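Observations on the three-dimensional arrangement
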Amino acid sequence: MPLTQRRLHDEAYRRLRDVRPELATPAGESDLAALLRARAEAVERPGADAVQAVAVLRGFDPAAWVRDATAFALGLAPDTAAAWRRSFTRTVYLAGNPENLLGRYSFDHLAEDGSVGWCGPAPAANSAGLRRLLKLFLSTAPFPVGPPTTITVPPPHGAAARGPASRGSAAHGPAPHGPASHGPAPRAAVHRDLYVAASGVPVPEALVHLNHLVVEAALDGLIGPGDRLTLRSVPSLTGAVTPFAALRVDVDRAHPHQLRAFAALTEETPDV
């Protein structure tokens, strides 16, 4: 099925309906303006149990990000995963070196090379100190375009580095990782392609879209431990006819009255 405006609208409406059904009015199912108003209301009026994750980035490597974001999501306890899903997997991206912060802050997941540290998901107040200390991750560089890269999704594991918590720590109590981690029953690993539409999209914006797609796919069981994901950067997904299992849809900034697919995860494909 081609990625027409109708299909993109349906996908954006489905995501709103699944997470905040009280805001998914019948008008939003057919009218883009009504849908966008409902989405704005979801941001302005978060639920009582709203949570957010915080990611501290030393740098950005797309393939490494996909690997660590999926490991982080798969390691969440079911209640924490559900609360984050109801919060539209909101994530704040901060620029900094996680390893330099371990004496004062602790992370619920740390990349093996120390390049990215994750906190939460938790209420925003829990990470206020860290967010005051560091600036947002910003860049005007375009999303990197290169040859396809395949990564293997690692299994969820205990917190990689929970440094000693101190006053103002980003830690928020027991790590949400471990035996009660989120996810469906184990299944055979599969291969999928992961597309990112890179044309005219700066790194921070692409990071947001890529992260929403992969962590929600992990929470929904579309991505699991051992899966192989081939990351492919393309100028645009407009008109694509590949069978997609998940889409990340948002407003097209170049055409504010239209939607655009910024990232997409295919159905299972042969691993070649």
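Residues numbered from 1 in each chain as written. Predicted model: local features only at pLDDT ≥ 70, side-chain atom pairs only at ≥ 80, totals over all residues. Heavy atoms only, no water.

Brief notes about the confidence of the model for the chain
On average, residues of the chain score 86 in pLDDT, and 89% of them are at 70 or above. Here helix 2 (residues 26-30) stands out as the element of the chain with the lowest mean pLDDT, 88, in contrast to strand 2 (residues 91-95), whose mean of 97 is the highest. Here residues 159-181 is modelled with pLDDT under 50, and outside its nearest four sequence neighbours on either side it reaches 67 contacts, counting other chains as well. (pLDDT = per-residue confidence, 0-100. Helix = DSSP H or I, 4+ residues; strand = E, 2+ residues; numbered from the N terminus. Contact = heavy atoms within 4.5 Å.)

Let's talk about the pattern of salt bridges
Under the criterion given, the structure shown has 14 salt bridges. The closest approach of N and O atoms between Glu 216 and Arg 15, which form a salt bridge, is 2.6 Å. You can see Glu 216 sitting in helix 7 (residues 203-219) and its partner Arg 15 sitting in helix 1 (residues 5-19), a full 201 residues away along the chain. Taking relative accessible area as the criterion, Arg 15 reaches 17% and is therefore assigned buried. The salt bridge partner of Glu 99 is Arg 58, with a shortest N-O separation of 3.5 Å. Of the two residues, Glu 99 sits in the loop between strand 2 and strand 3 (109-110) while Arg 58 sits in the loop between strand 1 (52-57) and helix 4 (62-74), which places them 41 residues apart along the sequence. (Salt bridge = Lys/Arg side-chain N within 4 Å of Asp/Glu carboxyl O. Buried < 20%, exposed > 50% of the residue type's maximum accessible area, 1.4 Å probe, protein only.)

Things to note about the pairing of strand 7 (residues 228-234)
When you tally the buried positions in strand 7, you get 5 out of 7 residues, the bulk of the element. The pairing of strand 5 (residues 149-152) with strand 7 spans 4 bridges and is antiparallel. Directly across from Thr 152, in strand 7, lies its bridge partner Arg 228. Pairing analysis gives 7 bridges linking strand 6 (residues 191-197) to strand 7, with the strands arranged parallel. (Pairing = 2+ DSSP bridges.)

Examining helix 5 (residues 78-86)
Listed in full, the buried residues belonging to helix 5 are Thr 80, Ala 81, Ala 83, Trp 84 and Arg 85. For helix 5, the secondary structure elements touched by its buried residues are helix 1, strand 1, helix 4, strand 2, strand 4 (116-122) and helix 7. Taken from the residues just after helix 5, Phe 88 is the one with a positive phi, measuring 60°.

Focus: the packing of helix 1 against helix 3 (residues 32-44)
Between helix 1 and helix 3, the least distance of the axes is 11 Å, while the angle of their chain directions is 30°. With respect to their mutual orientation, helix 1 and helix 3 come out roughly parallel. The chirality of how helix 1 crosses helix 3 is left-handed. Across the interface between the two elements, His 9, Ala 12, Tyr 13 and Leu 16 from helix 1 touch Leu 32, Leu 35, Ala 38 and Ala 42 from helix 3. For the contact of helix 1 with helix 3, the per-class residue count stands at 7 nonpolar, 1 polar and no charged. (Axes fitted to C-alpha atoms, helices over the stretch in contact; angles between N-to-C directions. Parallel < 35°, antiparallel > 145°, perpendicular 65-115°, else oblique. Left-handed = near helix turned anticlockwise from the far one by under 90°. Nonpolar A, V, L, I, M, F, W, Y, C, P; charged D, E, K, R; others polar.)

Describing the sheet that holds strand 3
One open sheet holds the 4 strands; their spatial order is 2-1-4-3, and the pairing between them is mixed. Two strands close off the open sheet at either side, each with one partner strand: strand 2 and strand 3. Relative to strand 2, strand 1 runs parallel, the two being bridged by 5 bridges. When the bridges of strand 2 are listed, Ala 53 appears paired with Thr 91. Against the sheet, helix 4 engages strand 1, strand 2, strand 3 and strand 4, with an angle of about 30° to strand 4.

Points about the sheet that holds strand 8 (residues 244-252)
On the basis of which strands lie adjacent, the open sheet formed by 5 strands has the order 5-7-6-9-8 and mixed pairing. Both outer strands of the open sheet, strand 5 and strand 8, are each paired with one neighbouring strand and no more. Neighbour to neighbour, the strand axes of the sheet diverge by 25° on average, direction disregarded. Contacting strand 8 and strand 9 (255-266), helix 3 runs over the sheet at an angle of about 95° to strand 8.

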